[in-house]
Amino acid sequence: MTFGLILAIILAVVFVALGLADQRKLWRRFTARWFRNRAARELSDAAVTGLRVFFFAWAALLLFAGCQAQEAEDRMDRIEQEMDSPYGS
């Protein structure tokens, strides 16, 4: 496995965990303290759904990009092996 694929898998796991987490609790913990009227700024159901879709979409995109990077590296390794062999493949 290459570094790119391993990094993509780790980041995808983080994004899936963020997607599965309670978005309102995360908002209250990290953002709500900046507002005077916190109840008025509470996340709507559409915002929560949008955040979850965002996190899951990024996880899927990262996994796709990691697999593409691994496939490109495998192709380059095959090309290098063909160039090094005296008779080709």
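Attention in this report is confined to the structure presented alongside it. (Residues numbered from 1 in each chain as written. Predicted model: local features only at pLDDT ≥ 70, side-chain atom pairs only at ≥ 80, totals over all residues. Heavy atoms only, no water.)

1. Side note on the packing of aromatic side chains
Thinking step 1. Counted by the stated rule, this structure contains four aromatic pairs.
Thinking step 2. Each residue in the set Phe15, Phe54, Phe55 and Trp58 is aromatic and connected to the rest through ring pairs, giving one cluster.
Thinking step 3. Residue placement shows arginine 29 over the ring face of phenylalanine 30; its charged tip is 5.8 Å from the ring centre. (Phe/Tyr/Trp six-rings, centres within 6.5 Å; stacked < 30°, edge-to-face > 60°. Lys NZ or Arg CZ within 6 Å of the ring centre and 35° of its normal.)

2. Here we look at the environment of cysteine 67
Thinking step 1. By the secondary structure assignment, cysteine 67 is in helix α3 (residues 45-84).
Thinking step 2. Sequence separation between cysteine 67 and threonine 2 is 65 residues; the distance between their C-alpha atoms is 9.9 Å. (Helix = DSSP H or I, 4+ residues; strand = E, 2+ residues; numbered from the N terminus.)

3. Regarding a nonpolar patch on the surface
Thinking step 1. Taken together, the side chains of Phe3, Leu7 and Leu11 make up a nonpolar region of the molecular surface, amounting to roughly 300 Å² of accessible area.
Thinking step 2. Counting through the fold element by element, leucine 7 comes out in helix α1 (residues 3-20). (Patch = residues over 30% accessible without salt bridge, like charges linked within 9 Å, V, L, I, M, F, W, Y side chains within 5 Å. Areas by Shrake-Rupley, 256 points an atom, 1.4 Å probe, with all protein chains shown as cover. Salt bridge = Lys/Arg side-chain N within 4 Å of Asp/Glu carboxyl O.)

4. A word on a negative patch on the surface
Thinking step 1. Judged by side-chain charge, Glu73, Asp74, Asp77, Glu80 and Asp84 come together as a negatively charged surface patch.
Thinking step 2. In this structure, aspartate 77 sits in helix α3.
Thinking step 3. When its relative accessible area of 36% is taken as the criterion, aspartate 77 is described as partly exposed. (Lys, Arg positive; Asp, Glu negative; His and termini not counted. Charge placed at Lys NZ, Arg CZ, Asp CG, Glu CD. Buried < 20%, exposed > 50% of the residue type's maximum accessible area, 1.4 Å probe, protein only.)

5. Side note on the pattern of salt bridges
Thinking step 1. Counting across every chain of the model gives four salt bridges.
Thinking step 2. Across the salt bridge formed by aspartate 45 and arginine 24, the nearest N and O atoms sit 2.5 Å from each other. Highlighted residues: aspartate 45 in helix α3 and arginine 24 in helix α2 (residues 23-30), separated in sequence by 21 residues.
Thinking step 3. Residue class for aspartate 45 comes out exposed when judged on its relative accessible area of 56%.
Thinking step 4. Note on arginine 24: relative accessible area 23%, which makes it partly exposed.
Thinking step 5. Note that glutamate 71 and arginine 75 form a salt bridge whose closest N and O atoms lie 2.6 Å from each other. You can see glutamate 71 and its partner arginine 75 sitting in helix α3, four residues apart, about one turn around the helix.
Thinking step 6. Relative accessible area serves as the criterion here: at 47%, arginine 75 is assigned to the partly exposed category.
Thinking step 7. Overlapping salt bridges bring together Arg24, Arg28, Glu42 and Asp45 as one network.

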